[in-house]
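Spelled out from the first residue to the last, the chains are:
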Amino acid sequence: MPPAAHDVTDASALTGYGVNELDRLAEKRDDGAFVTALAAAPGARHLVFTGDVPLLRQRGDELDPYFLPHELAGLGAVRETTLLGRDAQGGVFGSLLEAPAAESGEGATGIVAMDLRTLAVQGLLPPPLLGALAQAKSLLYWHARHRFCSACGAPSVLASAGWRRDCPNCKAAHFPRTDPVVIMLAVAGERCLLGRQRRFPPGMYSALAGFLEPGETMESAVRREIAEEAGIEIGRVHYLATQPWPFPSSLMIGCLAEAATTDLRVDEVELEDARWFSRTEARAMLAGEHPQGLSAPQPLAIAHHILKFWVEQTPG
Ligand SMILES: [Zn+2]
């Protein structure tokens, strides 16, 4: 067993979806007899999705995302089942229902469909369950949208307990993808750069972010994105933490970026606004006490932790 997330002190574990205590059993995925036995053994449970949304059972005041195999059978036809891993109780699988939400088990008594962002923002599940659901969502999303071989167009089939799709026609093997995104706080002495997109809640500012491109290093992506969106040059880049971001399957790579210039030229297509904030202002935004009502992202988001890390650093 790999060490559980709570045994180590990664900054990444502070982020929403950043804790996942499942042993992924990567070395067992091609052992069909093992996977079949694990699925039939006591303790086997399924995280169940209808479209992009998990189903949960309401148990009193609590929500439980795990369904036993016979309960899964009662929810409707299953399109794909993947092995997520194993915990102390037994095997954990991710299953995608065939029918969309309206026709699936969502309407059954005591069963609710609730998106993963709401579950995290409202703190409705413990962190290890959010992490396992994020793993399931990204993997099942990939299966749902990669049903045909991207080389020859023939229908592909699930393989390796859900961690590969094989093309029976041209024999190509396809693997689940994760899309890296750089998210960075540019800092210049006692000031940091935050911006806001038009879709943000009113008054909220966050770190700038963008997809890493093919053939690009993390540092180059940070420098390119900040130059594009804010027109400033970046010197050194420091890695802080990562966050799995299951919307649908990104990895947020959180960085501090040392600004070499400070004159802003904001890309008004990408951003509604971007400006420098003092450490005092940033601290007030994190605490929800900014005099103009400006705010920072919630602890769910890695941007919150990047900003907090910088705010709490010893000045100078
Ligand atoms: Zn093919």
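In this report, the structure presented in the accompanying data block is examined. (Residues numbered from 1 in each chain as written. Predicted model: local features only at pLDDT ≥ 70, side-chain atom pairs only at ≥ 80, totals over all residues. Heavy atoms only, no water.)

### Focus on the side chain of Thr-242
Logical step 1: Note that Thr-242 resides in strand E14 (residues 234-245).
Logical step 2: Setting aside its immediate chain neighbours within four residues, Thr-242 contacts Ser-12, Thr-15, Leu-251, Met-252, Ile-253 and Ile-302. (Helix = DSSP H or I, 4+ residues; strand = E, 2+ residues; numbered from the N terminus. Contact = heavy atoms within 4.5 Å.)

### Side note on the coordination of the zinc ion
Logical step 1: Coordination sphere of the zinc ion, protein contribution only: Cys-149 (SG), Cys-152 (SG), Cys-167 (SG) and Cys-170 (SG), at 2.2 to 2.4 Å.
Logical step 2: Considering all four donor atoms around the zinc ion, angles at the metal cover 101 to 116° and the coordination shape is tetrahedral.
Logical step 3: Written as a sequence motif, the donor residues of the zinc ion are C-x2-C-x14-C-x2-C.
Logical step 4: Its relative accessible area of 4% is what places Cys-149 among the buried residues. (Donors = N, O, S within 2.8 Å, 3.2 Å for Na, K, Ca; no water. Tetrahedral: all angles 85-135°; square planar, octahedral: opposite > 155°, others 65-115°. Buried < 20%, exposed > 50% of the residue type's maximum accessible area, 1.4 Å probe, protein only.)

### Examining the nonpolar core
Logical step 1: Residues Leu-185, Cys-192, Leu-307 and Trp-310 are the most contacted members of the largest nonpolar core, which totals 47 residues.
Logical step 2: The dominant element in this core, judged by the number of residues it contributes, is helix H4 (residues 127-145), at eight residues.
Logical step 3: Membership of the second largest hydrophobic core comes to 21 residues, among which are Ile-226, Ile-232, Val-237 and Cys-255. (Core = buried A, V, L, I, M, F, W, Y, C linked by side-chain atoms within 4.5 Å.)

### Comments concerning the packing of helix H6 (residues 279-287) against helix H7 (residues 302-312)
Logical step 1: Running from N to C, H6 and H7 cross one another at 135°; their axes reach a closest spacing of 10 Å. Overall, the two elements H6 and H7 adopt an arrangement that is oblique. The hand of the H6/H7 crossing is left-handed. Facing H6, whose interface residues are Arg-279, Ala-282, Arg-283 and Leu-286, H7 presents His-304, Leu-307, Lys-308, Trp-310 and Val-311.
Logical step 2: Looking at the contact of H6 with H7, its residues break down into five nonpolar, one polar and three charged. (Axes fitted to C-alpha atoms, helices over the stretch in contact; angles between N-to-C directions. Parallel < 35°, antiparallel > 145°, perpendicular 65-115°, else oblique. Left-handed = near helix turned anticlockwise from the far one by under 90°. Nonpolar A, V, L, I, M, F, W, Y, C, P; charged D, E, K, R; others polar.)

### Examining the side chain of Ser-249
Logical step 1: Considering the arrangement of structural elements, one finds Ser-249 in the loop between E14 and strand E15 (250-259).
Logical step 2: Judged by its relative accessible area of 7%, Ser-249 is buried.
Logical step 3: Look past the residues within four positions of Ser-249 in its chain and what remains in contact with it is Ser-138, Arg-177, Thr-178 and Asp-179.

### Concerning H4
Logical step 1: With 19 residues, H4 should cover 27 Å at 1.5 Å per step; its first-to-last C-alpha distance of 27 Å lies within 8% of that length.
Logical step 2: Counting buried residues along H4, 14 of its 19 residues qualify, which places the element largely inside the surrounding structure. (Expected span 1.5 Å × (residues − 1).)

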